[in-house]
Amino acid sequence: MNELVGPVDRFQFMEFRAVAEATNQFAESNKLGQGGFGTVYKGTLPDGSEVAVKRLANTSSQGMTEFRNEIQTILNVLHLNLVRLLGCCCEREEIILIYEFLENSSLNQYIFDKTRSKLLNWDTRYKIIKGIAEGLLYLHSYTNPPIIHRDLKPSNILLGKDMIPKISDFGMAKILTGDQREVATEKAVGTRGYMAEEYAMHMTVSQKSDIFSFGVTVLEIVTGERNLEYCNSFRGDSLLDKAWRYWNDGNCINLIDSNYLDSSLVEEEILRSIQVGLLCVQPHVDDRPSTKSLSY
Ligand SMILES: Nc1ncnc2c1ncn2[C@@H]1O[C@H](COP(=O)(O)OP(=O)(O)OP(=O)(O)O)[C@@H](O)[C@H]1O
């Protein structure tokens, strides 16, 4: 295994043989999940440490672009709330990424599942919201140049030990250059329900489009409901419409997911979270809060 000493201490180029051994020859029983990019397996390295191994499904030019983007973007970032890329393997036409292993899978697998959502009490949800805000703040303000994630959503938030949230999936990320505040893209590649209007309609991304996605994610964490519509649903029945309605009627405490009703509920924190979520999903970019003001 070759080691590259860089901003991440020891980024490793692994041999295919070693990755296959670590994952028990990519055994079905080691499979953690399937994404648009490929299949993810659990692996164990010879020193006993556990890793997640993402095997690119096909080496299409789109896949290769995302792969290169993912590496370039996260090689230089190191933060408690961002998934850490440990290494890669590019051999025999195989493209494989090796990440730190996060034992509690992704946030969407809790908040939208009636049985598992009980496992996330308010206290944990609040910590998760704060952790995502910290990770986003790092990407937007403490990396040089700043990074726009472009696909922030609960399935891209992985949960580690003690339910610490980590933002993952940097295949779509955009790195800003110079003093750019926004960037025009060729197409909108995010996910329906999480894309701000200026991005979905005009293909302009900025920190504020990530802030919009963060706002939707916060509202989903609080309510346990999915926002399935684009920014402006013409029928007026999206989660965002519902949240605005409850907020304007002054009864938004009724928005919370009844599945996690427990003694840890702190009304003030819940109301503050709903308010932050709603501020973030405002249609006008300039009305949305800055990432710095989200650290609370
Ligand atoms: N570092 C990791 N540790 C533990 N499990 C992981 C890790 N990375 C991914 N997984 C698991 O593998 C699944 C697939 O992840 P992947 O990032 O490939 O796709 P996705 O984000 O679910 O979908 P898409 O690529 O379409 O956005 C995740 O839902 C998660 O359960």
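Note that the coordinates shown come from a computational prediction; the quantities given were computed from them, not determined experimentally.

Calculation notes
- Residues numbered from 1 in each chain as written.
- Predicted model: local features only at pLDDT ≥ 70, side-chain atom pairs only at ≥ 80, totals over all residues.
- Heavy atoms only, no water.
- Domains from an automatic or database assignment.
- Contact = heavy atoms within 4.5 Å.
- Buried area = accessible area lost by both parts, 1.4 Å probe.
- Salt bridge = Lys/Arg side-chain N within 4 Å of Asp/Glu carboxyl O.
- Polar contact = N/O pair within 3.5 Å; in protein donor to acceptor, adjacent residues only side chain to side chain.
- Helix = DSSP H or I, 4+ residues; strand = E, 2+ residues; numbered from the N terminus.
- Nonpolar A, V, L, I, M, F, W, Y, C, P; charged D, E, K, R; others polar.
- Pairing = 2+ DSSP bridges.
- Near = heavy atom within 4 Å.
- Areas by Shrake-Rupley, 256 points an atom, 1.4 Å probe, with all protein chains shown as cover.
- UniProt positions renumbered as here; feature names shortened; annotations may be inferred.
- Core = buried A, V, L, I, M, F, W, Y, C linked by side-chain atoms within 4.5 Å.
- Buried < 20%, exposed > 50% of the residue type's maximum accessible area, 1.4 Å probe, protein only.
- Axes fitted to C-alpha atoms, helices over the stretch in contact; angles between N-to-C directions.
- Left-handed = near helix turned anticlockwise from the far one by under 90°.

Student: Let's hear about the domain arrangement of the protein: which residues, and what values?
Tutor: Along its sequence, the protein is carved into domain 1 (2-100) and domain 2 (108-291). Across the boundary between the two partners, domain 1 contributes 15 residues, which contact 19 residues of domain 2. When domain 1 packs against domain 2, the two sides together hide about 1,500 Å² of surface, and 59% of this comes from carbon and sulfur. Contact with domain 2 buries area across many residues of domain 1, yet Asn81, Leu82 and Val83 alone supply 33% of it, more than any other trio. Our enumeration of links across domain 1 and domain 2 arrives at two salt bridges. Taken together, the connections running from domain 1 to domain 2 amount to five residue pairs in polar contact (both at pLDDT 80 or more). Tallying contributions element by element places helix α2 (residues 61-74) first for the side of domain 1 that touches domain 2, with five residues. For the side of domain 1 that touches domain 2, the class distribution of residues is six nonpolar, five polar and four charged.

Student: Just give me the short version of the pairing of strand β3 (residues 31-34), but keep the residues and values in it.
Tutor: Strand direction decides the pairing type here: β3 and strand β4 (residues 38-44), joined by three bridges, are antiparallel. Bridge pairing in β4 links Gly33 to Val40. Taking the residues between adjacent antiparallel strands as the criterion, β3 and β4 are bridged by three residues.

Student: Break down the site of the ligand for me, citing the residues and quoting the values.
Tutor: Around the ligand there are 19 residues in total, and Gly36, Lys54, Glu100, Leu102 and Asn156 lie nearest to it. Within the side chain of Asn156, an N or O atom sits 2.9 Å from an oxygen atom of the ligand. In the complex, 85% of the free accessible area of the ligand, which totals 600 Å², lies under the protein chains. For the shell around the ligand, the secondary-structure elements that each account for two or more residues are β3, β5 (50-56) and β7 (94-100). Examining the composition of the shell around the ligand, we find that three residues originate from one element, β3, more than from any other.

Student: Any details on the UniProt feature "binding site: ATP" (unreviewed entry) in the protein? Residues and values, ideally.
Tutor: The residues that UniProt annotates with the feature "binding site: ATP" (unreviewed entry) are Lys54. Among the structural elements, Lys54 can be located in strand β5. In contact with Lys54, not counting residues within four places along its chain, are Phe37, Thr39, Val40, Ile95, Ile96, Leu97, Tyr99 and Asp169.

Student: Provide a residue-level description of the nonpolar core, including the pertinent values.
Tutor: In terms of nonpolar packing, the biggest core is built from 65 residues, with Leu97, Leu107, Ile132, Phe214, Leu219, Val222 and Ile274 touching the most fellow members. No fewer than three residues from each of domain 1 (2-100) and domain 2 (108-291) sit in this core. The contact partners of Leu219, leaving out residues within four places of it in the chain, are Gly224, Leu239, Leu240, Ala243, Ile274, Gly277, Leu278 and Val281. In this structure, Ala20, Tyr41, Val53 and Ile96 belong to the second largest nonpolar core, which totals 13 residues.

Student: I'd like to hear about the pattern of salt bridges, residue by residue, with values.
Tutor: Inspection of every chain in the model, using the stated rule, returns 12 salt bridges. By sharing partners, the salt bridges in this structure join Glu15, Arg17 and Glu21 into a single network.

Student: Explain the packing of helix α6 (residues 207-223) against helix α8 (residues 267-280) to me, and be specific about the residues and the numbers.
Tutor: Two elements in contact, α6 and α8, have axes separated by 7 Å at closest approach and are oriented at 145°. Considering how the two elements wind past one another, α6 and α8 form a crossing that is left-handed. Along its contact with α6, which presents Ile211, Phe212, Phe214, Gly215, Val218, Leu219 and Val222, the element α8 presents Ile270, Ser273, Ile274, Val276, Gly277, Leu278 and Cys280. Of the residues contributing to the contact of α6 with α8, the split by class is 11 nonpolar, three polar and no charged.

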